[in-house]
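Inside the fold
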Amino acid sequence: AGEGQHTEFASRDLVPADRIKFALETEHDLDTGWTLRTSVRADNTISYDTRALNVTGAVKLRPSDGVFRPFINGEAGYSTLNENNILFADFMPEPQRFVRGTATPGVAIVHGKLEFGVSASISVTRYVGENPLGFNRNNIRIQPFLFATYKDDTLDLSASVSRFDGWWDDADIGNVQQTLYDVSLAKTFGDFKLDLSARRSVEDTTFP
């Protein structure tokens, strides 16, 4: 799948925004009764205040059938990020570059159209090269999840809540503890469909 977006603003003082997204996904049913899913995703964004590139590869392994379904997900990614910065009154001279590895073990219980379970992700982020601001942005993150999904012909509901704990190597950067959530609902009424969603997330930034 691919997606391209170009935005022109009425105010000519604003630089046009461009975003290109690409995704390649595969799925294999293994002889052991497990399913292996792999994906490669790339997302490049250029706007008046952000220049970002994210490339991520992921592997997901879980059983195809059964009520009790343990699973393991693994991700590895490379990112570059540059934002308008008050200290430079413009973009930083060089973008920040970092690599991140994440492992997420968990277990799901499937009962008819309902699935719920628990998981926990552990990720390590390491920055490459010098930081223009002089900070050590390396960090470790642990995030346990509770999640549930329900899906039938007219209703698709999913919800998760998690506790985000992040520890940074630099003493000048405070650690982060936040409760996060992600809720979405899709309901079909004949020829009409209603989509509602709400989320609270933690995003990467160049300025602590």
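Parameters at a glance
- Residues numbered from 1 in each chain as written.
- Predicted model: local features only at pLDDT ≥ 70, side-chain atom pairs only at ≥ 80, totals over all residues.
- Heavy atoms only, no water.
- Salt bridge = Lys/Arg side-chain N within 4 Å of Asp/Glu carboxyl O.
- Helix = DSSP H or I, 4+ residues; strand = E, 2+ residues; numbered from the N terminus.
- Buried < 20%, exposed > 50% of the residue type's maximum accessible area, 1.4 Å probe, protein only.
- Phe/Tyr/Trp six-rings, centres within 6.5 Å; stacked < 30°, edge-to-face > 60°.
- Lys NZ or Arg CZ within 6 Å of the ring centre and 35° of its normal.
- Pairing = 2+ DSSP bridges.

A word on the pattern of salt bridges
All chains considered together, the criterion is met by nine salt bridges. A salt bridge links Glu27 to Arg37; its shortest N-O distance comes to 3.3 Å. Of this pair, Glu27 sits in strand β2 (residues 17-29) while Arg37 sits in strand β3 (residues 34-46), and the two are ten residues apart along the sequence. Assessed through its relative accessible area of 48%, Glu27 is described here as partly exposed. The exposure class assigned to Arg37 is partly exposed, which follows from its relative accessible area of 43%. In this structure, Arg199 engages Asp182 in a salt bridge whose closest nitrogen and oxygen atoms are separated by 3.8 Å.

Some thoughts on the packing of aromatic side chains
Where two aromatic rings form a pair, the distance of their centres and the angle of their planes describe that pair. Scanning the entire structure with this criterion turns up two aromatic pairs. Ring geometry for Phe98 and Tyr127: centres 5.0 Å apart, planes at 40°, overall tilted. Here Phe98 is found in strand β7 (residues 96-111), whereas its partner Tyr127 is found in strand β8 (residues 114-128), with 29 residues between them in sequence. Accessibility assignment for this pair places Phe98 and Tyr127 in one class, buried. Its end group placed over the ring of Phe91, Arg51 keeps NZ or CZ at 3.8 Å from the ring centre.

Some words on the pairing of β3
Note that β2 and β3 share twelve bridges and pair antiparallel. Within the sheet, the bridge partner assigned to Ile20 lies in β3 and is Asn44. Following β2, the chain reverses through four residues before pairing antiparallel with β3; Gly33 in that reversal takes a positive phi of roughly 90°. Note that β3 and strand β4 (residues 50-63) share 13 bridges and pair antiparallel. Within the sheet, the bridge partner assigned to Thr35 lies in β4 and is Arg62. Hairpin connection from β3 to β4: three residues lie between these consecutive antiparallel strands.

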